[in-house]
Amino acid sequence: DTGVSQDPRHKITKRGQNVTFRCDPISEHNRLYWYRQTLGQGPEFLTYFQNEAQLEKSRLLSDRFSAERPKGSFSTLEIQRTEQGDSAMYLCASSSNTLSYNEQFFGPGTRLTVL
Amino acid sequence: AQTVTQSQPEMSVQEAETVTLSCTYDTSESDYYLFWYKQPPSRQMILVIRQEAYKQQNATENRFSVNFQKAAKSFSLKISDSQLGDAAMYFCASNTGANSKLTFGKGITLSVRP
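Along each chain, residues carry numbers from 1 onward, in the same order as the chain's sequence is written. Starting at A for chains and at 1 for ligands, labels are handed out in the order in which the entities are written. Totals for whole chains, interfaces and linings use all residues, but because this is a predicted model, local features are given only for residues with pLDDT of at least 70 and pairs of side-chain atoms are given and counted only at 80 or more. Heavy atoms from the whole structure form the basis of all side-chain values; hydrogens and water molecules are not counted.

(A) Quick peek at the sheet that holds strand β8 (residues 75–79) of chain A. All names here are of chain A. One bridge is not enough; two strands pair if DSSP finds at least two bridges between them. Here a strand is any run of E in DSSP of at least two residues, a helix any run of H or I of at least four, and the numbering for each starts at the N terminus. Pairing is antiparallel across the open sheet formed by four strands, whose spatial order is β1-β3-β8-β7. The strands lining the two open edges of the sheet, one partner per strand, are β1 (5–7) and β7 (65–68). With direction set aside, neighbouring strand axes in the sheet form an average angle of 15°. Taken together, the five bridges between strand β3 (residues 19–24) and β8 define a ladder with antiparallel strand orientation. Counterpart to Cys-23 in the pairing with β8 is Ser-75. Lines are fitted to the C-alpha atoms to define the axes, a helix being fitted only along its stretch in contact, and any angle between axes, read from their N-to-C directions, falls within 0 to 180 degrees.

(B) Main features of the packing of aromatic side chains. Any two of the Phe, Tyr and Trp rings considered here, Trp counted by its six-membered ring, make a pair once their centres fall within 6.5 Å; the pair's planes then place it as stacked at under 30 degrees, edge-to-face at over 60, or tilted in between. Counted by the stated rule, this structure contains 15 aromatic pairs over all chains. One aromatic cluster is present, formed by Tyr-33, Tyr-35, Phe-45, Tyr-48 and Phe-106 of chain A together with Phe-35, Tyr-37, Phe-91 and Phe-104 of chain B through successive ring pairs. It is Arg-22 of chain A that lies over the ring of Phe-74 of chain A; its NZ or CZ is 3.9 Å from the centre. Distance and angle both matter: a charge sits over a ring if NZ of Lys or CZ of Arg is within 6 Å of the ring centre and within 35 degrees of the ring normal.

(C) Looking closely at the state of the cysteines. Residues and elements named next belong to chain A. A pair of cysteine sulfur atoms is labelled a disulfide when the two atoms are within 2.5 Å. Scanning the entire structure with this criterion turns up two disulfides over all chains. Each sulfur in the disulfide pair Cys-23 and Cys-92 lies 1.8 Å from the other. The sign of the -65° torsion about the S-S bond sets the Cys-23-Cys-92 disulfide as left-handed. Pair noted here: Cys-23 is in strand β3 and Cys-92 is in strand β9 (residues 88–95), with a separation of 69 residues, a long-range link. Cys-92 shares its class with Cys-23; the two are buried. Exposure classes here rest on a 1.4 Å probe applied to the protein chains alone. A residue is buried below 20% of its type maximum, exposed above 50%, and partly exposed in between.

(D) Looking closely at the interface of chain B and chain A. Throughout, a contact is declared for two residues whenever any of their heavy atoms are within 4.5 Å. With 19 residues of chain B in contact, the opposing surface of chain A contributes 22 residues. Around 1,800 Å² of area is buried between chain B and chain A when both sides are counted, 46% of it from carbon and sulfur atoms. Taken as a group, Gln-44, Asn-99 and Lys-101 of chain B account for 36% of the area that chain B buries against chain A, more than any other trio of residues on that side. What counts as a salt bridge is simple: a side-chain nitrogen of Lys or Arg found within 4 Å of a carboxyl oxygen of Asp or Glu. At the junction of chain B with chain A, the criterion picks out one salt bridge. As used in this structure description, the phrase polar contact means that two N or O atoms lie within 3.5 Å; if the pair is within protein, one of them must be able to donate a hydrogen and the other to accept it, and residues adjacent in sequence are counted only when both atoms belong to side chains. At the junction of chain B with chain A, the criterion picks out eight residue pairs in polar contact (both at pLDDT 80 or more). Per-element accounting of the side of chain B that touches chain A gives the leading share, four residues, to strand β5 (residues 33–39) of chain B. By convention, the term buried area covers the 1.4 Å-probe accessible surface removed from two parts as they join, with the contributions of both added.

(E) Main features of the nonpolar core. In this description, a nonpolar core means a group of buried Ala, Val, Leu, Ile, Met, Phe, Trp, Tyr and Cys residues linked to one another through side-chain atoms lying within 4.5 Å. Grouped together as the largest cluster of nonpolar side chains are 25 residues, with contacts concentrated most on Leu-21, Trp-36, Phe-75, Leu-77, Ile-79 and Tyr-90 of chain B. Every element with two or more residues in this core is listed here: β3 (19–21), β5, β6 (46–52), β8 (64–69), β9 (74–79), β10 (88–95) and β12 (108–113) of chain B. Of all hydrophobic cores here, the second largest spans 19 residues; its members include Phe-21, Cys-23, Phe-65 and Cys-92 of chain A.

(F) A look at the environment of Ser-27 of chain A. Tracing the sequence through the fold places Ser-27 of chain A in the loop between β3 and β4 (31–37). Sequence separation between Ser-27 of chain A and Thr-98 of chain A is 71 residues; the distance between their C-alpha atoms is 13 Å.

(G) Fine view of the pairing of β10 of chain B. All names here are of chain B. Across the eight residues of β10, seven count as buried, placing the element largely inside the fold. Relative to β10, β5 is paired through seven bridges, and the arrangement is antiparallel. Residue Lys-38 lies in a different strand from β10, and its bridge partner there is Tyr-90. In terms of strand pairing, β10 meets β12 through three bridges, oriented antiparallel. Within β12, the residue paired with Ala-88 across the bridge is Leu-110.

This is the structure in structure tokens:
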């Protein structure tokens, strides 16, 4: 088990472009979470999945954001028409209802810079 | 809605000494969980310690222990025998219901002086 992985680790884009991030959770973890962390702040919840179902979305997740977990394994987070305010670290975490009770394992994050 | 407050932005401790990081929270739920996460520079966040609200006994993990004051809604982390590797950002967090979303505080930067 190699832990939660995220790709890319860094992304620089121009305002107005679309970007997509990928998260691969720990295998057999049925829950997957996305958080956003801006400089000097704690992570803020964006959305989470149980298997392939998206169970909750934050108000922070505007219409420009979409997340998927099509087969209940990896997940993607897409941001359309990026804005400078989207610059942040995007963290993915996974957990299991039966293993490591109530512990979320975090990935290294994708740092997005919007110019 | 849950809120988690960490009012100290930075703390410093001498190696081998003890330091306490403060956290307060607010929730209307009776069943909730509290956590301390560590985020080393440029490395991923890891769980340090976890406390179930229904448990009166304070959680302990080796050099890390908590002081959970339910009535005061306070959840502080004590690090004993501080080591250089303890230098990191520490986040207090909570959730209601196992494996639900986490609400984090702003974090505190801990530096360890050799």
